[in-house]
Amino acid sequence: MQGFAKRIGVSYKLVYSDFYSVIRDLLGKDVVRKNGEVTLAGDYPIKGDVISSGFTVLPWREAILLYSEPTLPSQVLLVAPADSDLQPIEDGADLAADILNTRKAIGSKSVLVMERTCLDPSNYGLVNVGIDLKTYNKSANLNEMVPAMLNKEAELTLLDVRAMAESG
């Protein structure tokens, strides 16, 4: 970001935020998602001009933000402890069928999620479909999800995985 700021001729200042506040800190508004609609509400101080972070492209976010060309593809995985009886689904040609098979595999197991992040269950149609969702709210650090699952806060967890290209 420092190089980008220099290139476009503006000063650089790091502004700390978290997944719960970053959109509000950028837009000066809170995001309200209800019945598939996204609106902005409230008035808050604008703290920055750009989000420079791993920030998953989601349809509801695209309705209110402009994204640059993605530089690091990411995906959200369902993760289980090594001793779980859960097995990976067969990779299919149809994403919708893969999602349905994943939901079936979850069954009655609990899933650790983090609302208002890329691990928000509403992003993936997991709310109100009979899945035992456990909201992690001890921090906004996505790196705490797997350790929390291993500490038995839930049987499974969602995990954001960034793909990195190898150079050379």
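None of the values given here were measured: they were computed from a predicted structure. Counting of residues starts from 1 at the beginning of each chain's written sequence and follows it residue by residue. Where local features are concerned, this predicted model is filtered to residues with pLDDT of at least 70; where side-chain atom pairs are given and counted, the filter is 80 or more; whole-chain, interface and lining totals use all residues. Each side-chain value is derived from all of the structure's non-hydrogen atoms; neither hydrogens nor water enter the calculation.

Starting at the N terminus, helices and strands are each numbered in turn, a helix being any DSSP run of H or I of at least four residues and a strand any DSSP run of E of at least two. When helices and strands are tallied, the protein chain shows five helices and six strands. Going from N to C terminus, the protein chain has its helices and strands arranged as α-α-β-β-α-β-α-β-β-α-β. Judged by the C-alpha coordinates and their principal axes, the protein chain covers about 55 × 50 × 35 Å. A simple rule labels every residue: compare its accessible area, found with a 1.4 Å probe on the protein chains alone, to the largest value its type can have, and call it buried under 20%, exposed over 50%, or partly exposed in between. For the protein chain, buried positions account for 29% of its 168 residues. Only heavy atoms enter the contact rule, under which two residues are in contact if any of them lie within 4.5 Å. Long-range contacts, defined as pairs at least 24 residues apart, comprise 55% of the intrachain contacts of the protein chain with a sequence gap of at least 6. For the purpose of counting charges, residues Lys and Arg are taken to be positive, whereas Asp and Glu are taken to be negative. His and the chain ends are not included. Charge coordinates come from a single atom per side chain, which is NZ of Lys, CZ of Arg, CG of Asp or CD of Glu. Placing the 17 positive and 22 negative side-chain charges of the protein chain at their respective mean positions leaves the two points 7 Å apart.

As a further point, take a nonpolar patch on the surface. A surface patch of nonpolar side chains, amounting to about 840 Å² of accessible area, comprises Met1, Phe4, Ile8, Val10, Tyr12, Leu14, Tyr16 and Val50. Residue placement: Leu14 occurs in the loop between helix 1 (2–8) and helix 2 (22–27). Given a relative accessible area of 47%, Leu14 falls into the partly exposed group. Patch rule: a residue counts if its relative accessible area is over 30% and it has no salt bridge; like charges are joined within 9 Å, and nonpolar side chains (Val, Leu, Ile, Met, Phe, Trp, Tyr) within 5 Å. Residue exposure ignores everything except the shown protein chains as possible cover, and the areas themselves are Shrake-Rupley values with a 1.4 Å probe. What makes a salt bridge here is a side-chain nitrogen of Lys or Arg within 4 Å of a carboxyl oxygen of Asp or Glu, nothing more.

A word on helix 4 (residues 95–106). Every α-helix winds through 3.6 residues per turn, so residues three or four apart in the chain are directed the same way. With 12 residues, helix 4 should reach 16 Å at 1.5 Å per residue; the first-to-last C-alpha distance of 17 Å fits that figure. Backbone geometry just downstream of helix 4 places Gly107 in the positive-phi region, at approximately 55°. Here the expected span of a helix is defined as 1.5 Å times the quantity of residues minus one.

With that out of the way, let us pick up the environment of Arg116. Note on placement: Arg116 falls in the loop between strand 4 (110–113) and strand 5 (132–135). For the purposes of these results, a polar contact is taken to be a pair of N or O atoms within 3.5 Å, where, inside protein, one atom must be able to donate a hydrogen and its partner to accept one; residues adjacent in sequence count only when each atom of the pair is a side-chain atom. Within polar-contact distance, the side chain of Arg116 engages the backbone oxygen of Tyr20 at 3.1 Å.

This part takes up the pattern of salt bridges. Enumeration according to the criterion identifies eight salt bridges in this entry. Here Lys29 and Asp43 are joined by a salt bridge, their closest N and O atoms 2.7 Å apart. Taken together, the residues span a long stretch of sequence, with Lys29 in the loop between helix 2 and strand 1 (30–34) and Asp43 in the loop between strand 2 (37–41) and helix 3 (59–62) at a distance of 14 residues. Judged by its relative accessible area of 27%, Lys29 falls in the partly exposed class. Exposure remark for Asp43: the relative accessible area of 67% places this residue in the exposed category. The partner of Glu153 in a salt bridge is Lys138, and the shortest N-O contact between them spans 2.8 Å. With Glu153 in the loop between helix 5 (145–150) and strand 6 (156–162) and Lys138 in the loop between strand 5 and helix 5, this residue pair connects regions lying 15 residues apart in the sequence. With relative accessibility at 59%, the residue Lys138 sits in the exposed group.

Further remarks concern the environment of Arg61. Along the chain, Arg61 turns up in helix 3. Judged by its relative accessible area of 1%, Arg61 falls in the buried class. Setting aside chain neighbours within four positions, we find Arg61 in contact with Ile23, Phe55, Thr56, Tyr67, Arg116, Thr117 and Cys118.

Let us look at unusual backbone geometry. Located in the positive-phi region is Asn35, a residue other than glycine, with phi close to 55°. Inspection of the secondary structure puts Asn35 in the loop between strand 1 and strand 2. Residue classification places Asn35 among the exposed residues on the basis of a relative accessible area of 73%. Here the phi dihedral of Lys152 falls at roughly 70°; this positive angle occurs in a residue that is not glycine. Within the secondary structure, Lys152 sits in the loop between helix 5 and strand 6.

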